[in-house]
Amino acid sequence: MLEHAFKGSKNYWLLLGFWGIIIAMGAGAYAVQLRDGLTITGMSRDVSWGFYISQFTFMVGVAASAVMVVLPYYLHDHKAFAKTVILGEFVAVPAVLTCMLFIFVDMGQPARVLNVILHPTLHSVMFWDMSVLMGYLVLNLLIGTITLDCERKGKHYPHWLKFFIYLSIPWAVSIHTVTAFLYAGLEGRPFWMTAILAPRFLASAFATGPSLLIILAVIVRKISKFDPGEKAIRTLATIVTYSMLINLFFFLVEAFTSIYSDMPHHLHAFEYMFVGLHENGVTYDVLVPWMRAGMVFSFITGFLMLFPGIRWNLKVVPYVCVFIICGTWIEKGLGLVITGFIPSTLGHITEYVPTAPELMVTFGIYAIGAFVLTVLYKIIIGVRERRAGYGADAQ
Amino acid sequence: MDDTRRKFLKKAGYASLGISCALPLLDAKLLAMSEETGTHEAAAKKQLAMVIDIKKCQNKQLVDAAANACHTVHNVPTITDAKGNINKEEEVKWIWTEKFANTFPEQVHARLERSILDEDVVVLCNHCSRPPCVRVCPTQATWKRDTDGIVMMDMHRCIGCRYCMAACPYGARSFNWNEPRKFLEKGRGIVGEYPTRTKGVVEKCTFCADRLSDGLEPACVEAANKVPGGKDALVFGDLSDPNSKVNLILNKKHTICRKVGLGTGPNIYYII
Amino acid sequence: MNDKWKIILGLVVFLAAVTFPVWRGAIAGAGEPPELQLPEGKTKCIESKEFMIDNHMNMLDEWRNMLVREDIHEYTSKEYGDTYEISLNKTCLNCHKKTEFCDKCHAYADVEPYCWDCHYDPKGD
């Protein structure tokens with residue numbers, strides 16, 4: 001099965017080379033960070049988590065969303081997903097990998113990271129987060145590789161695997177719930193301490209992940225002879241639509257309690273995100289254009305997806321999905337973590353902007369994810385094309 | 001070393017148990033909650049605390065002396081930028097001052113006397129009775145010491161995840177964004193007996209646990225008391241001892257704590 | 001099998017890489033162990049010499065946990081039964097000089113303990 005990863009067209013190798021270059025640049029930037037410390041980032045005493053943890057949070061969502069293909073297929077026997085389910089599982093694997101890497105590069109003392117396992121601390125949500133992420137990575141690798149290998153050999157996957165498949169469904173929900181609990185359990189940060197955070201995370205994740213799957217499925221369809229099926233893509237689009245609407249609803253619920261109650265601590269965060277804060281004649285509003293754009297993306301795409309003419313049009317829907325991802329990324333991968341620190345617990349406003357090396361490390365990690373994704377998808381395509389009798393050297 | 005392995009295996013056992021079933025965790029939490037209700041019941045346990053007289057601490061000389069003493073003893077560097085100005089974003093500090101309005105946000109109202117609003121208030125780690133930083137730390141690098149209630153830091157174990165900084169409602173924790181020794185060498189030098197830190201770990205006030213074991217008072221208390229008019233500006237003692245100096249003051253004067261509504265149980269008291 | 005030579009070459013490179021520390025040492029020559037300056041007027045360390053050579057790092061690890069985490073300030077020698085204050089500065093470095101003792105041997109053994117990122121010899125490095 002692995003042999004498909006080592007045989008490919010020129011484009012395949014060019015793509016891997018492209019990711020490789022970005023990875024190398026990221027590694028270089030990380031080497032500087034290792035030498036000089038986290039001072040090379042834009043983070044500060046007041047905004048002590050930044051881009052890395054934001055990306056981690058966003059990617060946990062992408063990872064969790066594999067459940068949106070696993071659940072309909074294995075629990076509801078939704079036949080259209082027969083060929084899509086592996087695409088979801090093999091998105092989850094690199095997604096979890098990037099999550100772990102984002103956590104890792106955020107550590108001040110990465111060499112000591114095993115202390116989390118050596119001194120397991122059950123009252124720390126971070127310990128649980130690490131455990132569930134590890135578990136999720138193993139589950140998806142296990143399920144994905146075994147089902148694909150069995151498919152290659154033309155037989156049904158072993159019966160015992162069913163247990164792990166069912167287990168992966170609540171597990172997917174758990175990874176994003178626990179990630180939300182990282183934030184939602186902190187009494188000193190009113191912006192995060194809201195019960196709707198975990199549901200919001202899940203809703204936005206189930207809009208983002210399947211959007212990514214739609215884009216990937218359309219690409220796969222175009223560049224290879226393997227067709228995930230129009231019906232599957234349409235079902236995904238429906239899932240995206242519902243999730244996006246629920247996500248927007250949750251956002252409005254959160255915005256209502258914060259704004260209508262008019263409590264300063266809750267209000268400040270929303271002010272910072274959408275209009276900017278003013279103090280001593282200085283305006284703090286770096287996030288404002290982003291957050292406004294994100295809102296526009298989210299509401300417009302949410303509205304557009306309501307129309308079957310758009311939702312089910314394979315020529316249009318991938319582009320809408322790009323904007324859905326942009327919208328949810330701005331919301332979760334940009335606004336959520338940073339705003340929690342502004343204003344600080346001491347009422348100070350320190351803004352945060354990622355630095356160039358910080359961005360390079362981030363891109364490097366995303367490139368590692370993209371690299372693994374490319375290889376895994378190449379394997380899927382190879383297996384599927386051979387099964388369909390097209391020969392292994394297509395692509 | 002066999003002992004540590006056994007401990008580890010035991011913990012690993014608990015962990016796998018916990019993963020397979022999260023209920024024991026919930027159970028333990030509920031049990032802990034029922035034990036913790038009511039701040040007065042816990043008074044029998046030794047808890048070190050500090051009473052800060054805000055009025056006396058308006059003397060800038062006194063506050064500087066206290067902060068200097070602390071930072072010198074513990075080799076806390078003054079982080080500066082390329083031009084030599086204090087780098088506010090990467091500052092490391094154990095004890096410093098904040099404006100009244102920032103220290104006690106829920107005590108501030110529109111008609112509060114201007115002079116109080118502008119007061120500088122000495123702030124440091126509150127050594128909370130239910131510390132959020134301890135709750136979130138994934139490695140027990142920070143923990144609440146049973147014997148005297150100090151929220152301790154183990155700079156050997158800290159992985160620098162900064163979860164504690166996100167959790168602390170008082171901004172009491174500093175992260176070493178940079179190599180601290182570089183700045184010590186540029187500044188006053190490495191003069192304190194306390195080891196310096198390495199980059200990438202979190203640090204904060206430890207109530208001078210190192211000095212207490214030598215029978216000394218915290219450095220800030222000692223220094224403040226030496227300043228003229230600084231007697232009892234900072235008072236340190238044990239809350240479980242009814243005759244301790246802190247209790248004598250707390251029983252007589254009107255004192256407040258920071259953000260009591262959060263339920264962390266801060267142990268720094270302020271005479272307004 | 002036309003890949004035979006490729007596999008053999010790969011194996012050779014792999015073996016060369018994993019045995020790097022061994023043959024590098026062999027080529028460079030181990031050299032003479034350094035002359036360590038021993039404290040004057042002292043006849044013994046906390047534990048026996050052999051124990052200290054093998055276990056000083058474990059002992060320091062144990063000490064730091066005892067002091068920092070368990071608030072234990074005294075250590076009783078297993079070998080001699082006398083007690084010592086648990087302190088790198090006040091006990092270990094009171095007798096030994098970092099530059100003449102710790103550093104020399106660490107340099108010889110090519111290890112870089114991170115103790116000195118934070119700790120320092122009050123007598124000067």
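Residues numbered from 1 in each chain as written. Chains lettered and ligands numbered in written order. Predicted model: local features only at pLDDT ≥ 70, side-chain atom pairs only at ≥ 80, totals over all residues. Heavy atoms only, no water.

Trainee: Would you mind showing me how to read the sheet that holds strand 1 (residues 48-53) of chain B here?
Mentor: Each strand in a sheet pairs with its neighbour through backbone hydrogen bonds, running either in the same direction (parallel) or in the opposite one (antiparallel). All names here are of chain B. Strand order in the open sheet made by the four strands is 8-1-10-9, with mixed pairing throughout. Two strands in the sheet have a free side with no partner beyond their single neighbour: strand 8 (234-238) and strand 9 (255-256). Pairing geometry for strand 1 and strand 10 (residues 268-271), over four bridges, is parallel. Bridge pairing links D53 to I271 in strand 10. Strands in contact with helix 10 (residues 219-226) are strand 1 and strand 8; relative to strand 8, the strand with the most contacts, it is inclined by about 140°. (Pairing = 2+ DSSP bridges. Helix = DSSP H or I, 4+ residues; strand = E, 2+ residues; numbered from the N terminus. Contact = heavy atoms within 4.5 Å. Axes fitted to C-alpha atoms, helices over the stretch in contact; angles between N-to-C directions.)

Trainee: Would you take a moment to explain the pattern of salt bridges for this structure?
Mentor: Counting across every chain of the model gives 33 salt bridges over all chains. Each of R221(A), D227(A), E230(A) and R234(A) takes part in a single network of salt bridges with overlapping partners. (Salt bridge = Lys/Arg side-chain N within 4 Å of Asp/Glu carboxyl O.)

Trainee: Where do I start with the interface of chain B and chain A in this structure?
Mentor: Note on interface size: it is often stated as the accessible area lost on association of the parts. Counting from both sides, the interface comprises 54 residues of chain B and, opposite them, 50 residues of chain A. With both sides pooled, the region where chain B packs onto chain A buries about 4,200 Å², and carbon together with sulfur makes up 55% of that total. When residues of chain B are sorted by the area they lose upon contact with chain A, I159(B), Y163(B) and W177(B) head the list and together hold 17% of the total. Of the charged contacts in the structure, one is a salt bridge between D106(A) and R162(B), with a shortest N-O distance of 2.6 Å. For the side of chain B that touches chain A, the elements supplying multiple residues, two or more each, are helix 1 (2-20), strand 2 (95-99), helix 6 (132-136), helix 7 (163-167) and strand 6 (174-175) of chain B. Class assignment of the residues belonging to the side of chain B that touches chain A gives a composition of 28 nonpolar, twelve polar and 14 charged. (Buried area = accessible area lost by both parts, 1.4 Å probe. Nonpolar A, V, L, I, M, F, W, Y, C, P; charged D, E, K, R; others polar.)

Trainee: Would you take a moment to explain unusual backbone geometry for this structure?
Mentor: For the bond from I342(A) to P343(A), the omega torsion is -5°, close enough to zero to count as cis. Mapped onto the elements of the fold, P343(A) is located in the loop between helix 14 (317-339) and helix 15 (356-387). Even without a glycine there, the phi angle at H127(B) is positive, about 45°. With respect to the secondary-structure elements, H127(B) resides in the loop between strand 3 (120-124) and helix 6. For H127(B), a relative accessible area of 0% corresponds to the buried category. With phi around 55°, C208(B) is a residue other than glycine that occupies positive phi space. Within the secondary structure, C208(B) is located in the loop between strand 7 (202-203) and helix 9 (209-212). (Buried < 20%, exposed > 50% of the residue type's maximum accessible area, 1.4 Å probe, protein only.)

Trainee: Would you mind going over a nonpolar patch on the surface with me for this structure?
Mentor: All names here are of chain C. On the surface, a nonpolar cluster with roughly 500 Å² of combined accessible area is contributed by I7, L11, F14, L15 and V18. Mapped onto the fold, I7 is located in helix 1 (residues 4-18). The partly exposed category is assigned to I7, whose relative accessible area is 48%. (Patch = residues over 30% accessible without salt bridge, like charges linked within 9 Å, V, L, I, M, F, W, Y side chains within 5 Å. Areas by Shrake-Rupley, 256 points an atom, 1.4 Å probe, with all protein chains shown as cover.)

Trainee: Would you mind showing me how to read the domain arrangement of chain C here?
Mentor: All names here are of chain C. Structurally, chain C comprises domain 1 (46-86) and domain 2 (87-125). Each of domain 1 and domain 2 has a C-alpha centre, and the two are 16 Å apart. Contacts between domain 1 and domain 2 engage eight residues on the former and seven residues on the latter. When the two sides are added together, the surface that domain 1 and domain 2 hide from each other amounts to roughly 500 Å², 58% of it contributed by carbon and sulfur. The tally of links between domain 1 and domain 2 comes to one salt bridge. A salt bridge links E85 to K90, with the shortest nitrogen-to-oxygen separation between them at 3.6 Å. Linking domain 1 with domain 2 are two residue pairs in polar contact (both at pLDDT 80 or more), by the criterion used here. (Domains from an automatic or database assignment. Polar contact = N/O pair within 3.5 Å; in protein donor to acceptor, adjacent residues only side chain to side chain.)

Trainee: Whenever I open this one, the packing of aromatic side chains confuses me. Can you help?
Mentor: Two aromatic rings are characterised by how far apart their centres lie and by the angle between their planes. As enumerated under the stated definition, the model contains 31 aromatic pairs over all chains in all. Here F256(A) and Y260(A) contribute two aromatic rings whose centre-to-centre distance is 5.0 Å and whose plane-to-plane angle is 15°, an arrangement assigned as stacked. Here the residue F256(A) and the residue Y260(A) both occupy positions in helix 10 (residues 230-261), the gap between them amounting to four residues, near one helical turn. Considered together, F256(A) and Y260(A) belong to a single accessibility category, that of exposed residues. Joined through ring pairs, the aromatic side chains of W49(A), Y183(A), W192(A), F201(A), F341(A) and Y163(B) make up one cluster. For R45(A), the ring lying beneath its charged end belongs to W96(B), and the centroid distance is 5.0 Å. The ring of W143(B) has R69(C) lying over it, and the distance from NZ or CZ to the ring centre is 4.2 Å. (Phe/Tyr/Trp six-rings, centres within 6.5 Å; stacked < 30°, edge-to-face > 60°. Lys NZ or Arg CZ within 6 Å of the ring centre and 35° of its normal.)

Trainee: Explain the environment of F250(A) here, please?
Mentor: Residues and elements named next belong to chain A. The residue F250 is located in helix 10 in this model. F250 sits in the buried class, given a relative accessible area of 17%. Through-space distance from the C-alpha of F250 to that of I196 is 7.1 Å; in sequence the pair is 54 residues apart. What F250 contacts, discounting residues up to four positions off in sequence, is I196, P199, R200 and A203.

Trainee: I would appreciate a short explanation of empty space enclosed by the protein in the present structure.
Mentor: Over the atoms, a rolling probe the size of a water molecule traces out where space has been left empty. Considering all chains together, one arrives at seven cavities of 30 Å³ or more under this definition. There is about 120 Å³ of room inside the largest cavity. Residue lining of the largest cavity: R45(A), D46(A), S48(A), R189(A), S344(A), T345(A), L346(A), M165(B), G171(B), A172(B) and R173(B), and that is the complete set. By residue class, the composition of the lining of the largest cavity is three nonpolar, four polar and four charged. (1 Å grid on protein atoms, 1.4 Å probe; cavity = no way out; pocket = protein on both sides within 12 Å on 5 of 7 lines; lining within 4 Å. Points joined across faces, edges and corners; volume = space filled by probe spheres on them.)

Trainee: Would you mind going over the nonpolar core with me for this structure?
Mentor: The nonpolar side chains of soluble globular proteins are, as a tendency, buried together. Within the largest apolar cluster, 201 residues are counted, with the highest numbers of intra-cluster contacts made by W49(A), Y183(A), W192(A), Y377(A) and M50(B). At 14 residues, the largest contribution of residues to this core is made by helix 9 (residues 197-223) of chain A. Excluding its chain neighbours within four sequence positions, the residues that come into contact with Y377(A) are L87(A), F90(A), V91(A), L213(A), L216(A) and V220(A). Formed by 13 residues, the second largest nonpolar core is a distinct cluster that contains M59(C), M66(C), Y84(C) and C102(C). (Core = buried A, V, L, I, M, F, W, Y, C linked by side-chain atoms within 4.5 Å.)

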